[in-house]
Amino acid sequence: MLEIKSLSDFDDEVFGGNNSSDNDLSALDGDARGGEETITKLVSGVRDANRVNVFLDEKFAFSLDVAQVVELQVKVGQKVDAERLEVLRGASEFGKLYQRTLEWVLTRPHSIRETRDYLRRRQQKRLATNRQRAKEEKKPFPEIQNETIELVVERLIQRGYLDDRRFAEYYVENRFVKKGVSRKRLRMELQKKGVASEEIEAALATGARDDEEELRKMLAKKRTRYDDQKLVAYLVRQGFDYQKVATAVKKSSEVDLSLD
């Protein structure tokens, strides 16, 4: 798919210029058939200039992003039958969902499972909204199909916005940097986020996080809050090895006593 930032470079292509090939409209040209509508206007979006509002028989029908308009060869004057209209409406829903998901993904790195879960939440929210609209006798919004969710995820992966290896590396490098965190906890959290074991181990192998250093960080922060027994139990629950914890706590206590 073409990546297009504005309409200006494609005015002739999109809005029915004279340079288009004779084959462009092969799927839609010909004698008008029953149930067909005509694309009468294409207008750049007001809030988002990268989207194009499509009018059928002078009435707004749906919007597409600029790349979709070019790829799907949508032009003024085309006849659109029911089958073609279904394809275009599906493309419209995909484009809007993709853009919103991309904006969410760009807020910070996310795993593939997190992104799929985000889309599932949007799907359930849409269903709830439509149930309420049905009670109010309002027209429902298009439902978010499972197939559309998978297409969005696939496109984000293809374009490099989703990459579990990069996500795992980021997570290992940035999770609780000041507080400290055990490698075991990092491993468990990444597993919950759907990252494959080989990706997790690769990120841990290349990362600079070391359990001994991380244990020192946590010990320094929690030392005054617990007695030795409770401190050992707490640090073990955080995923650190019991023997290493017991040794570190003992050494810390001996230092405290020497300073009294």
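Heads up: these notes are all about the structure in this document. As the structure is a computational prediction, the values presented were derived from the model and not from experiment.

1. Considerations on the pattern of salt bridges
Any two side chains of opposite charge can pair if their charged atoms end up close together.
Phase 1: This structure, assessed with the given rule, holds 16 salt bridges.
Phase 2: Among the ionic pairs, Lys217 bridges to Glu214, the shortest N-O distance being 3.3 Å. Of this pair, Lys217 and Glu214 are both found in helix H9 (residues 211–222), three residues apart, which corresponds to roughly one turn of the helix.
Phase 3: Of the residues examined, Glu214 reaches a relative accessible area of 3% and is grouped as buried.
Phase 4: Residues participating in the shared-partner salt-bridge network are Glu93, Lys96 and Arg126.

2. Considerations on the sheet that holds strand S3 (residues 59–65)
Phase 1: Here four strands make up an open sheet; going across it, the order is S3-S2-S1-S4 and the pairing antiparallel. Looking at the sheet topology across the chains shown, the edges are occupied by S3 and strand S4 (79–80).
Phase 2: Bridging between strand S1 (residues 37–44) and strand S2 (residues 51–56) involves five bridges; their strand directions are antiparallel. Within S2, the residue paired with Ile39 across the bridge is Leu56.
Phase 3: The strands that helix H3 (residues 82–105) touches are S1, S2, S3 and S4; relative to S3, the one it contacts most, it runs at about 55°.

3. Comments concerning helix H10 (residues 228–237)
Phase 1: Looking at H10, one finds that the buried residues are Leu231, Val232, Tyr234 and Leu235. Down the axis of H10, the buried side of the element spans an arc of 165°, and every buried residue falls inside it. The outward face of H10, more than 90 degrees from its buried face, is lined by the exposed residues Gln229, Lys230 and Arg237.
Phase 2: Put simply, Asp227 is the residue that caps the front of H10, since its side-chain oxygen is 3.2 Å from the backbone nitrogen of Gln229.
Phase 3: Looking at the residues trailing H10, positive phi occurs at Gly239, about 105°.

What counts, and where the lines are drawn
- Residues numbered from 1 in each chain as written.
- Predicted model: local features only at pLDDT ≥ 70, side-chain atom pairs only at ≥ 80, totals over all residues.
- Heavy atoms only, no water.
- Salt bridge = Lys/Arg side-chain N within 4 Å of Asp/Glu carboxyl O.
- Helix = DSSP H or I, 4+ residues; strand = E, 2+ residues; numbered from the N terminus.
- Buried < 20%, exposed > 50% of the residue type's maximum accessible area, 1.4 Å probe, protein only.
- Pairing = 2+ DSSP bridges.
- Contact = heavy atoms within 4.5 Å.
- Axes fitted to C-alpha atoms, helices over the stretch in contact; angles between N-to-C directions.
- Arc of directions from axis to C-beta.
- Polar contact = N/O pair within 3.5 Å; in protein donor to acceptor, adjacent residues only side chain to side chain.

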